[in-house]
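Secondary and tertiary structure notes
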Amino acid sequence: MGNDSLYPYQERDLNILFDKLTHASKGYRILYQLPTGGGKTRIFSEIAKWYVTNFNRQVMVLTHRTELCKQTATTLTKIGIKNKVINSTVKQLRKREEHTCYVAMVETLRNRLKQGIINPASVGLVIIDEAHHNAFQKLLNKFPRAIVVGVTATPLSSNADLPMNKTYQELIVGESITGLIKQGYLAKPVNWRYDVELNSLKTGIYGDFTISTSDELYSSNAMLELLLHAYETHSKHKKTLIFNNGIFTSRNVCKLFKDAGYPIKHLDNRHSPAEREEILKWFKKTKGAILTSVSILTTGFDEPSIQTVILNRATTSLTLYHQMIGRGSRRLPKKKNFNIIDLGNNIDRFGEWQAPMDWQLIFERPEAYMESMHYLSTNEARVISSDLRAKFPNTLQLSFDIQEAHQRVVDAGQKPLTVIRDAIRQHAMMCIENSDTIPQALELAEVLDQEIQWRVKQYGKCLGRVTKNYTDWLVADYKERLKTLIQKVMQKGKTKAA
């Protein structure tokens, strides 16, 4: 596996990194960002090879999962770098066993350093996979003279008190998700979003939603029914991975799908390595298999045949959001797209997975990014602003109770869309009675943008089980019909006056 099998974007990034490393002083720390599925293991294995070849000093690769250790060791061997995995079975290193490259788990390395089995002074380069984890922090100080390269898909620390820019001097941003999709390296996502009422969720000490409040919400009949409905509508018989926040929910999900006759298994961190392997094997070879799990499969798990990822949970962690979706993004000759079903308003919170991200800004000002996240999680109370009221002085009643209107329509046995028709009529009257000309009235219609979004959102809640795709279409349709109605009524009025 020579250089010829590197992708163009990988070669480009490696050249930038090699240049930085050539000029880096001892103890310099660089962070490199590349999306999940972009081939991070391959990149840092190439860095290790280049370093060993050019500087002839030891390289230490650090990971925090057993699978990642194995994966890394295999990749290094493939490109011709002899390496040794330092795991719990390695109690000592004989002189003739000294390698130029080591792969280690964080905990194991910490113990081996204490026992003096490894001499940190002989290590010239430390490579850290999944560098956004904070478990690496203290260890780095044991290699004060080594150059450090951290690799991550999301350069945002999981701990607000330890921002990444405190550990690393600079960030190198790799190819974007959109770029990887365009060039055919990643599959393209198709988003299905459902509006979910998350008021009952509470956040814990680490800032994410607690398992207990998540279990309560996502194990409720209403949410289990919504999950099954979303699966049957957008993912029936497709290979599906469901992410939950708690084991209790995941087990309930498993029972629900089993009872409905679908092939499903549950996996959590209490399973033994052997059981885990067996379940993953089953998932790989079973057509239309469903796997429900708790955050265990977010890193180092690679199953390209996944066609749908269901986020059956809400999270405030950008890293987790990217990792969960990344599990479905592997491209195959027959798989150009994959589905994301979002049942936790996560896409509203973070933006679409493939939307451009200003990682440099997030790296430099993480607190500003975190603040914008909190602001997005605020409640949904509705108050019509005084600014808006001032623009419609001739209108007595600006609000329109969608829920009440929906109830009336249902009781009268009419079509639910009558509610939207009446809402549009009321908005049109507001614009007309506060304007002298058609252009003036159309201008006022533009001001109602947020009100329209709010009304459609409430309408969606009345219907239940509507996708965000449908409500987005409804908003666009509402605006069009509002403009048409204003013009029609005002032109009629003009003709009568004439």
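In what follows, the accompanying structure is described. Along each chain, numbering runs from 1 in the same order as the chain's sequence is written. Since the coordinates come from a predicted model, pLDDT governs what is reported: local features require at least 70, and pairs of side-chain atoms require 80 or more to be given and counted, while whole-chain, interface and lining totals use all residues. Hydrogens and waters are ignored; side-chain quantities use all the structure's heavy atoms.

**A few points about the packing of aromatic side chains**
Which entries qualify depends on this criterion: In summary, the pairing rule links any two rings of Phe, Tyr or Trp, Trp by its six-membered ring, whose centres are within 6.5 Å, and it sorts them by plane angle into stacked for under 30 degrees, edge-to-face for over 60 and tilted for everything else. Think of it this way: any DSSP run of H or I at least four residues long counts as a helix, any run of E at least two long counts as a strand, and we number them from the N terminus. Here's how the labels work: a residue is buried when its accessible area is under 20% of the maximum for its type, exposed when over 50%, partly exposed in between, all with a 1.4 Å probe on protein chains only. Here, a charge over a ring is recorded when the distance from Lys NZ or Arg CZ to the ring centre is within 6 Å and its angle to the ring normal is within 35 degrees.
Within this structure, the stated rule accounts for 12 aromatic pairs. Centroid distance F18 to W50: 4.6 Å. Interplanar angle 10 degrees. Geometry classified as stacked. Of this pair, F18 sits in helix 1 (residues 8-23) while W50 is found in helix 2 (residues 40-55), placing the two residues 32 residues apart along the sequence. Measuring from centroid to centroid gives 4.9 Å for Y51 and F55, while their planes differ by 25 degrees, and the two rings are stacked. Highlighted residues: Y51 and F55, both in helix 2, separated by 4 residues, approximately one helical turn. For Y51, a relative accessible area of 5% translates into the label buried. Aromatic rings pair up to connect F18, W50, Y51 and F55 into one cluster. Above the face of the F283 ring, K239 is positioned so that its terminal group lies 5.5 Å from the ring centre. In this structure, K265 packs its charged tip against the face of W282, placed 4.9 Å from the ring centre.

**Description of unusual backbone geometry**
One non-glycine residue with positive phi stands out, namely E130, at about 55 degrees. Here E130 is to be found in the loop between strand 5 (123-129) and helix 5 (137-140). Exposure remark for E130: the relative accessible area of 9% places this residue in the buried category. Positive phi, normally seen in glycine, also occurs at R465, with a value near 55 degrees.

**Details of the side chain of S219**
With respect to the helices, strands and loops of the structure, S219 is situated in the loop between helix 8 (211-218) and helix 9 (221-234). Under the relative-accessibility criterion, S219 is labelled buried at 15%.

**Some remarks on the sheet that holds strand 13 (residues 337-342)**
Filter applied, for reference: Only when DSSP finds a minimum of two bridges between them are two strands counted as paired. To get an axis, fit a line to the C-alpha atoms, keeping to the stretch in contact for a helix; angles then go from 0 to 180 degrees between the N-to-C directions. Note on definitions: a residue-residue contact is assigned when non-hydrogen atoms from the two residues lie within 4.5 Å.
Taking strand neighbours across the sheet as the criterion, the 6 strands line up as 8-13-12-9-11-10 in an open arrangement whose pairing is parallel. Looking at strand neighbours, the two that pair on one side only are strand 8 (188-193) and strand 10 (264-267), the edges of this open sheet. Ignoring strand direction, the axes of neighbouring strands in this sheet form an average angle of 20 degrees. Here 4 bridges tie strand 10 to strand 11 (residues 290-294), and the two strands are oriented parallel to one another. Residue pairing across strands places H266 opposite T292, the latter belonging to strand 11. Contacting strand 9 (240-244), strand 10 and strand 11, helix 10 (residues 247-259) runs over the sheet at an angle of about 170 degrees to strand 10. Along the sheet, helix 11 (residues 273-285) makes contact with strand 9, strand 10 and strand 11, crossing strand 10 at roughly 150 degrees.

**Here we look at the pairing of strand 6 (residues 147-152)**
Among the 6 residues of strand 6, 6 are classified as buried, and the element is accordingly described as predominantly covered. Here strand 1 (residues 29-33) runs beside strand 6; their pairing, made up of 5 bridges, is parallel. Paired with Q33 across the strands is T152, a residue of strand 6. When strand 5 meets strand 6, the two strands line up parallel, connected through 5 bridges. Within strand 6, the residue paired with I128 across the bridge is G150.

**With respect to helix 2**
The test is simple: The length a helix should cover is 1.5 Å for every residue beyond the first.
Helix length check: helix 2 (16 residues) gives 22 Å between terminal C-alpha atoms against 22 Å at 1.5 Å per residue, within 8%. Burial analysis of helix 2 places 12 of its 16 residues in the buried class, the great majority of the element. Looking at the residues trailing helix 2, positive phi occurs at N56, about 50 degrees.

**Digging into the environment of L442**
Topologically, L442 is positioned in helix 19 (residues 438-447). Residues L442 and A428, spaced 14 residues apart in sequence, show a C-alpha to C-alpha distance of 9.2 Å. Excluding residues within four positions of it along the chain, L442 makes contact with K483, I486 and Q487.

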